[in-house]
Each structure stands twice: as C-alpha cells, then as structure tokens.
Amino acid sequence: MSTIAFDSDNKIVSLYGKKSSYNIKLYNTSLPLHLHWGAKTCLSVKKSFFPANDRGFMILAEARDNSYLVEEMQFEYGFAENGDFRVPAFRVRDGQNYPITGPFELTTYIYRGKNQIPGLPSARPENAQDLETLELRMHDSKSGLWITLSYSMFPKYDAVTRHVRFSNEGSRPVKIEKAASMSLDLYNWEYELLYLHGAWARERQLQRRPLQSGTTAFGSIRGTSSHQFNPSFALVSPQTTEFSGEAYGFSFVYSGNFLSELELNHDNNLRLNLGLHPDTFEWQLQPGDSFNTPEALMIYSDEGLNGMSHNFHGFIRNHIFPPPFQKAERPILFNNWEATYFDFDERGLVELSDIAADIGVELFVLDDGWFGERNTDRTSLGDWTVNTEKLPNGLKGLAEEIEKRELQFGLWLEPEMMSLNSKLALAHPEWYISIPNRPVAEGRNQLVLDLSRSDVREFLIETLDQILSSAPISCVKWDMNRYLTNVASSQLPASQQQELYHRYVLGLYHVLDEITAKYPKVLFEGCSGGGGRFDLGVLYYMPQYWTSDNTDAVSRIKIQYGTSLFYPPISMGAHVSAVPNHQVGRTTSLEFRGHTAMSGNFGYELDLRALSDTELRQITQQSSFYAQHRRLLQFGRFLRIKSPFESSEAVWMFIHSAASAEDSSDYFLLFWFRLHAEANLPSPRVKLAYLEENVLYEEKSSGLSYTGSELMHRGIILPQLEGDYVSQVYIFQKKGSENS
Ligand code: DGJ
C-alpha cells in the first residue's frame, strides 16, 4: 500500500491518511516547506505557494531568490538566525561555535515500512507493508551536518509520526542546543488550545482556551514528563465540539523534560514546536556520530474531539503498547497499598487474597514495603531483598500461596531510586544524581540513581532479573516517586553535563528494553506518584498506568475524563477504594465508586477484611458485571458526552466501533454520574452517537425501546436521581439481537 505520493513537476510530497493529508513542498532544492496538514487535499497549485508582498522590514528568503519573505513562509523545521524571527525548531552550532543556518542541499528518500528509533520508544508498524516513511535530508556542506526529518503516516488513524536525526559527517564536533521533534507552521486561523495541567493527586485537568498573540509554552523541567503538564495537547477551531469540527492532536513519545511552544505571530500565523526542553538539554555531536530526537505523534480528525480521541486510543493500543498486550484482556486487580500501607505480613496478605479470590479478583499486587527494612518511606530503596520478618517464606512462598487461590501475583518496585538510608547508598554513594561537593535537595527521603552510568544500568537489569526469576511474578508495578534535582553526573565530562537529563531517560529505556524483552509476558504497570509520568514513552513498555494517587471517585471522574482525551481507558488504572476516601475524606457509595473505576482499568484497593457481607456481595456482583462487559470496556469506543468540567454531571458511553468475531456491536453501555445535587434541576437529556439510525435499542432496566436516530438526534431523558454522587449504568441492547 502506498501512503506517500511524489509530484515531481511541482516538487510536492504528500502523505495520505484515510481522511487526511500532509503536504510538503520541496523549495529550491534546499528547504522543505509546509503546505498543508488536515482534511485530505490534492494540491494543483503550480507556481506561487506563498504571498510575495514587499513588506517593510522583512527579510528575503535567500540572496539568489528575492521572491519570498522568510517570516511569511511555512517551514517544516524552522531554524534560527536566518530572518525568521519565530521560535526556532532547532539551534546547532558548528566547531567554531557559529550558528548553522544553511544553505542546505535537500534530498528526498522514501522507504517501505518504518525503522524504530535506536534507543528510544517509537510507534511500531503492525505490518511493515502497510506504510511508508519519508525522509527529507538536509545537508550543510560547510559543517558536514545532516539533518534528516522523518515522517510516517498511519492511514487508519490519520496519524503522522515524526522525528529528526542529526548526523555529523564533518571533521569537528557540533553542538545541538535545541532539537524539537516536530515543528508545524499553520496559516492564519483561529485556534483554541486544549491541554492537561495538574499536580500530584489532581492530574490531567482539562483546559481549553483561545490562543492569543505571543508565545504560549508549557512543559516540564522536572526530569519526568510530570504531573503538572502532560506532553499531549490539541488544537481546535472555536466551533469544534466533542462530535464535530476539526481537531489536531499532538503527543510526545518521551518520558522526560519536554517543551511545547505555540507562537501566534503578528500575522496570526502559528508556529508549533514539540520536543526536548532546550533549557535542560545540549548535546555534543562528535564527527561520525548521530543524534535522534524522540518521536512526536500528530493525529487529525474531522469528527470532533471524540473522533481525535478515538484515533489516539486505537493508535496507542495497536502501535504503542507492547505487542503481547495489544489485544490482551486485562485482569481485575487487587492492590494492598491503601489496604495496609507498610503494615502487613504474609498471613494478612493471604487472608486478603482469600477474600479477593472470592469476589472475582484475578491479579493480586503486593505494593511497597516487602523489602529491606521498609516500614516507612525513609529507608531501603535499592535494597531489593525480601524482608523475611514480613514474608518468612519469601516472595516465592507468598506468590505460590496466592497462585493456589487461582490469582496471578504482581509486585511493586521502584528501581530508579535509592534511599540515603540503605545498604546500596553506603556501597555506592557515587550512584545517585548529585552535584559533587554540594548538598542534595531532599524529596520523599530518596535519591535518583544516575541511569546514564552503565554500572547502574547493569545493576538494575541484574536485580530485576533476579527478582522476576525468583517467584511466579506476572505483573510489576514500576513506581518512580521523585523529580530530578541537583542534576550532575560524576561520570560525564564537563562539556556533557547538560546531556544528563536526556541520558537519564535513555538509560531508563535501555533497562526497560532489556527487561521487557526477557520477560515479555509480564504485565508492567507504570506509576509515578500516581500519574506523574503518564506518557507514550512509558506506555510503550508498560501498557497500563496508575492514573492518580487520588482514588476518590468524584475527583477521578475529572482526572479520567481529562486523561481520555488522548489515552485509552484500558491504560488508566482505576480502583475502588475505602470510604471516607484517604485523599479527600469524602464518602461515596460503592456503586458510584464501581462505576467510576470500571470506566478505566478496573481494580480494588481497600481492606477487604473490613467490609460487611453485604458489601462483599455487592463487590462480587460489580466485578462480575465488569468481567461480563470487559471486552467492551477495555477495547470498545469510548465517547465523552457530558463534561464534568462544564457542569456537575458527567456522561460517557462505550460502544464497539466494528463488529468482529470477539466484539459484538449488539449493545452499548451508557454511564451517567451526578456530582452535586441541586434543587429543581431539569432532567438530564443527552444525545448519543455512533448508533445505527433505523435499529431499535432496548434499555434493559426500563424495558423501553428507542430507535438509533431518536437516541442520536432527539436524545434521551435520563431519570432524576436524588442526592450527591449518584450514578447509573444503562445497558442498551439491539432489539432481537440477544441471542445473535
Ligand atoms: C506511590 C504510588 O502512586 C502509590 O500507589 C504507592 O505505590 C506508593 N507510591 C508506595 O510507596
């Protein structure tokens, strides 16, 4: 299948998706210019792609061609110091510290398939025959630098992946000061930005606002992609809704510092850069070496935000998740953290597992506190040997007990850390990130290991291997509870200290590459103080993520709603926990907690021994409902219908987008949540979507039937329920399809 077309007369390269195209003009054999990204467009323009006004104080494109004004051009990769005064996508200096500004010689190369980026996670093609990759290679003969822009179109999802390779074929080192993974210039249009901001325990709160002139920037310099700003965002027109209008989504396949810059200039044209954060990055590129940026993902939809999310969800499940977990159903999980914190022993865990097995749990995860002298968070990270006072029969003994109850066993680890109070810190004080001869800032009583060091990486790989081979462990919860501070490495030369943030992330990916290759069937769940590193870089290795340390169902409705803009429900760990809730002190019903949690990757995290028989019965029904609808909830199409950010209600639905042998499209589930009651409210009325117009759907609890067109165009009135924090799930079955 051909996804790229080259019009040699007009020098236009086009990448075609199902409904979109990305069109590039090769200008004067020296520069790739951006023509269009969005609804599929066939360009017939022969000559003038850019206005050629003679405007005061603007710089002309090149001395040999005085037709175009640099600031009016749309570049594929905007560079500094050439008369384009927008934020540049990259900045590189040659051996004499002069900025490299071209002129470049441009060559084009197209190949079938898509190569993985060495050392970095990047989207995996399902079948190499299904797509092609475009490389635009720009050569600067003065320094010997090659800058290669790579593009692959995944047509089914209207998704373009991009990254950039810098290769030094000169004789002197060059210094990369800034290297965005993608840059996009868009002509005047009114834009609104949707992004996810937050903090620990209130991650990914959705914000939408118009872009105004000047630069809007957000990112992270915390060493991880962070709780504060997620590296995924969208641009929409003011008219775009959940179901209609154009939406352009972006995500960074990376887990460290990043910067998203959006500059709306004096002509209302937008420059958008996404990549490594230049404040905490620099790279010395020696002759003969190459540097690859991480990958950026761009997704288009003309079916509103839900259309964009649908493309992201499918893309992430099929091209980001590790292959063994792309289609695999996920088990119902129990985690002991909020049940016991550090205070547990084997007997208590086995008691919990007995009840867990009875109520329908399938995977039992032992959280923090099983190793060294870890009875508080002040000690023992790095000393990954079993605490035999708590677990006299070791991990193996416990895991086998758990397995006898027909549960899988999972284990918490925080491999990237060391406690100051640990044997590891005594043996290897040089292994943690710190500035020599200066005090380190404390954070959660722990320090971050210097993963740029090969000895540290080897230690981690060996340790993880030992643990995973010591017992039947089928899941690892990989935690990371501290941002990076005092960033220096005793092993890097002075000129490379600015490389450490990125080298840390590369080191992490190296460890994950090794360990997931050796244990491909182990399900890794990511975590970073809850959802502090929820990004495509981590999801490439760990196909589910602990969404937030805030387990309160009311808070979770917003957190999960925001997260769903880009990330599929199957990736969002969501547990029913105790009331009053441990983070916010709120009491909600078991039903409400269940409905919220089953809209994500479902589990329980509370002391089951403290529950009444009635509650246990209710939980058993809940988990069996989840198991019955698991395929739909984990692999179905998730549609946001009413936003909790705009009212005190939330409505969403799950529907199979296409019938397959496993997935019948005979029914769908509609979830309704009321957060705060008010007097005399109108009945909630919502319009549903993606139904068959002329089919009758029966709502099972009332027995009432509605046509698809009625549900979609007139809408349905939901019953008023009394009180705060109430919820309902409705099953709509296609009439006459029960036995089909
Ligand atoms: C932070 C995580 O987000 C929690 O779920 C729990 O695993 C603790 N760490 C354990 O220290």
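As the structure is a prediction and not an experimental result, all values here were calculated from the model.

So, how was this worked out
- Residues numbered from 1 in each chain as written.
- Predicted model: local features only at pLDDT ≥ 70, side-chain atom pairs only at ≥ 80, totals over all residues.
- Heavy atoms only, no water.
- pLDDT = per-residue confidence, 0-100.
- Helix = DSSP H or I, 4+ residues; strand = E, 2+ residues; numbered from the N terminus.
- Expected span 1.5 Å × (residues − 1).
- Buried < 20%, exposed > 50% of the residue type's maximum accessible area, 1.4 Å probe, protein only.
- Contact = heavy atoms within 4.5 Å.
- Axes fitted to C-alpha atoms, helices over the stretch in contact; angles between N-to-C directions.
- Parallel < 35°, antiparallel > 145°, perpendicular 65-115°, else oblique.
- Left-handed = near helix turned anticlockwise from the far one by under 90°.
- Nonpolar A, V, L, I, M, F, W, Y, C, P; charged D, E, K, R; others polar.
- 1 Å grid on protein atoms, 1.4 Å probe; cavity = no way out; pocket = protein on both sides within 12 Å on 5 of 7 lines; lining within 4 Å.
- Points joined across faces, edges and corners; volume = space filled by probe spheres on them.
- Pairing = 2+ DSSP bridges.
- Right-handed = clockwise from strand over helix to strand, strands pointing away.
- Near = heavy atom within 4 Å.
- Polar contact = N/O pair within 3.5 Å; in protein donor to acceptor, adjacent residues only side chain to side chain.
- Areas by Shrake-Rupley, 256 points an atom, 1.4 Å probe, with all protein chains shown as cover.
- Salt bridge = Lys/Arg side-chain N within 4 Å of Asp/Glu carboxyl O.
- Phe/Tyr/Trp six-rings, centres within 6.5 Å; stacked < 30°, edge-to-face > 60°.
- Core = buried A, V, L, I, M, F, W, Y, C linked by side-chain atoms within 4.5 Å.

1. Remarks on the confidence of the model for the protein chain
Here is step 1 of the chain: For the protein chain, the average pLDDT comes to 94, and 96% of its residues sit at 70 or higher.
Here is step 2 of the chain: In the model of the protein chain, strand 5 (residues 60-62) stands out as the element of lowest mean pLDDT, 62, in contrast to strand 24 (residues 363-366), which has the highest, 99.

2. Notes on helix 11 (residues 613-628)
Here is step 1 of the chain: Counted at 1.5 Å a residue, the expected span for helix 11 with its 16 residues is 22 Å, and the 22 Å between its end C-alpha atoms agrees.
Here is step 2 of the chain: Buried within helix 11 we find L616, I619, Q622, S623, F625 and Y626.

3. Description of the environment of L26
Here is step 1 of the chain: Turning to its location among the elements, L26 is positioned in strand 3 (residues 20-27).
Here is step 2 of the chain: Take L26: its relative accessible area is 8%, and that puts it in the buried class.
Here is step 3 of the chain: Separated by 124 residues in sequence, L26 and S150 have C-alpha atoms that sit 14 Å apart.
Here is step 4 of the chain: Ignoring sequence-local partners within four residues, the contact set of L26 consists of F6, K11, V13, L31, L106, T108 and L136.

4. Details of the packing of helix 6 (residues 454-470) against helix 7 (residues 500-518)
Here is step 1 of the chain: Remark: helix 6 packs on helix 7, axes separated minimally by 10 Å, with the N-to-C direction vectors making an angle of 30°. In this view, helix 6 runs roughly parallel relative to helix 7, as classed from their interaxial angle. Crossing handedness for the pair helix 6 and helix 7: right-handed. Contact residues: helix 6 offers R457, L460, I461, L464, D465 and L468, while helix 7 offers G507, H510, V511, E514, I515 and K518.
Here is step 2 of the chain: The residue inventory of the contact of helix 6 with helix 7, partitioned by class, reads six nonpolar, two polar and four charged.

5. Digging into empty space enclosed by the protein
Here is step 1 of the chain: Applying the stated criterion to the full structure yields six cavities of 30 Å³ or more.
Here is step 2 of the chain: Here the largest cavity is characterised by a volume of approximately 60 Å³.
Here is step 3 of the chain: Forming the walls of the largest cavity are Y254, G256, N257, L276, H277, T280, F281, Y501 and H502.
Here is step 4 of the chain: Among the residues forming the lining of the largest cavity, the class breakdown is four nonpolar, five polar and no charged.

6. Focus on the pairing of strand 25 (residues 408-413)
Here is step 1 of the chain: Across the six residues that make up strand 25, a large majority, five, are buried.
Here is step 2 of the chain: For strand 24 and strand 25, the ladder comprises four bridges, and the chain directions are parallel. Note that in strand 25 the partner of L366 across the bridge is L411.
Here is step 3 of the chain: The parallel pair strand 24 and strand 25 is bridged by helix 4 (residues 394-404), and the resulting crossover is right-handed.
Here is step 4 of the chain: Across four bridges, strand 25 lies against strand 28 (residues 475-478) in parallel orientation. From the neighbouring strand, W412 faces strand 28, where its bridge partner is K477.

7. Some points on the site of the ligand
Here is step 1 of the chain: The local shell around the ligand holds 13 residues, among which D367, D368, K477, D479 and D549 are the closest.
Here is step 2 of the chain: Take R444: an N or O atom from its side chain is 3.0 Å from an oxygen atom of the ligand.
Here is step 3 of the chain: Interatomic distance of 3.5 Å between a side-chain N/O atom of N481 and a nitrogen atom of the ligand.
Here is step 4 of the chain: Within the complex, the protein chains bury 98% of what would otherwise be the 300 Å² of accessible surface of the ligand.
Here is step 5 of the chain: Its residues placed into classes, the shell around the ligand shows four nonpolar, three polar and six charged.

8. A short note on the side chain of N445
Here is step 1 of the chain: With respect to the helices and strands, the residue N445 is situated in the loop between helix 5 (423-427) and strand 27 (446-448).
Here is step 2 of the chain: Side-chain polar atoms of N445 contact the side chain of R378, separated by 3.3 Å.
Here is step 3 of the chain: Setting aside residues up to four positions removed in sequence, N445 forms contacts with D377, R378, S419 and L420.

9. A closer look at the sheet that holds strand 34 (residues 649-655)
Here is step 1 of the chain: Taken together, the six strands give an open sheet; going across it, the order is 33-34-35-40-37-38, and neighbouring strands pair in antiparallel fashion. The open sheet terminates on both sides in strands that have one partner only, identified here as strand 33 (637-642) and strand 38 (705-707). Shown here is a sheet whose adjacent strand axes are inclined to one another by a mean of 25°, direction ignored.
Here is step 2 of the chain: Here seven bridges tie strand 34 to strand 35 (residues 667-674), and the two strands are oriented antiparallel to one another. Bridge assignment links E649 to a residue of strand 35, and that residue is R674.

10. Some remarks on the pattern of salt bridges
Side chains that carry opposite charge are capable of pairing whenever their charged atoms lie near each other.
Here is step 1 of the chain: Tallied over the full model, the rule gives 38 salt bridges.
Here is step 2 of the chain: For D607, the salt bridge identified is with R609, shortest N-O distance 3.0 Å.
Here is step 3 of the chain: Under the relative-accessibility criterion, R609 is labelled partly exposed at 36%.
Here is step 4 of the chain: Residue E698 pairs with K735 through a salt bridge whose shortest N-O separation is 3.6 Å. Of this pair, E698 sits in strand 37 (residues 696-699) while K735 is found in the segment after strand 40 (726-734), placing the two residues 37 residues apart along the sequence.
Here is step 5 of the chain: Of the residues examined, E698 reaches a relative accessible area of 15% and is grouped as buried.
Here is step 6 of the chain: Ionic contacts of the salt-bridge type, sharing partners, join the residues D84, R86, D185 and R271 into one network.

11. Section: the packing of aromatic side chains
The geometry of an aromatic ring pair is captured by two quantities: the separation of the ring centres and the angle between the planes.
Here is step 1 of the chain: On inspection of all chains with the given rule, the structure shows 52 aromatic pairs.
Here is step 2 of the chain: Both rings, one in F638 and one in W652, keep their centres 5.7 Å apart while their planes meet at 50°; by these two values the pair is tilted. Taken together, the positions of F638 in strand 33 and W652 in strand 34 put the pair 14 residues apart, joining distant regions of the chain. Take F638 and W652: they sit in the same class, and that class is buried.
Here is step 3 of the chain: Taken together, the aromatic side chains of Y561, F592, F638, F645, W652, F654, F671, F673 and Y725 make up a single cluster linked through ring pairs.

12. Some details on the nonpolar core
Here is step 1 of the chain: By size, the foremost hydrophobic cluster in this structure holds 199 residues, and its most contacted members are Y77, I147, F166, L235, F250, L366 and W370.
Here is step 2 of the chain: The element contributing the most residues to this core is helix 7, with nine residues.
Here is step 3 of the chain: When sequence neighbours within four positions are dropped, the list of residues in contact with L235 reads L186, Y191, E192, L193, L211, E246, A247, Y248, F250, L262, L270 and L272.

13. A look at the layout of surface pockets
Here is step 1 of the chain: The computed volume of the second largest pocket comes to approximately 370 Å³.
Here is step 2 of the chain: Around the second largest pocket sit 22 residues that line it, and W200, R444, N481, G529 and D549 are the ones nearest its centre.
Here is step 3 of the chain: A class-by-class count of the residues in the lining of the second largest pocket yields eight nonpolar, five polar and nine charged.

14. Quick notes on the packing of helix 3 (residues 346-358) against helix 4
Packed helices, taken two at a time, are described by the angle their axes make and the gap between the axes.
Here is step 1 of the chain: Their axes nearest at 10 Å, the elements helix 3 and helix 4 cross at an angle of 20°. Judged by the angle between their axes, helix 3 and helix 4 are roughly parallel. Of the two possible hands of crossing, helix 3 and helix 4 adopt the one that is right-handed. Note on element contacts: helix 4 touches helix 3 through L398, E401 and I402, opposite E346, L349, V350 and S353.

15. Some remarks on helix 10 (residues 590-597)
Here is step 1 of the chain: Among the eight residues that make up helix 10, seven are buried, leaving the element largely enclosed by the rest of the structure.
Here is step 2 of the chain: For helix 10, the full list of buried residues reads L590, F592, R593, G594, H595, T596 and A597.

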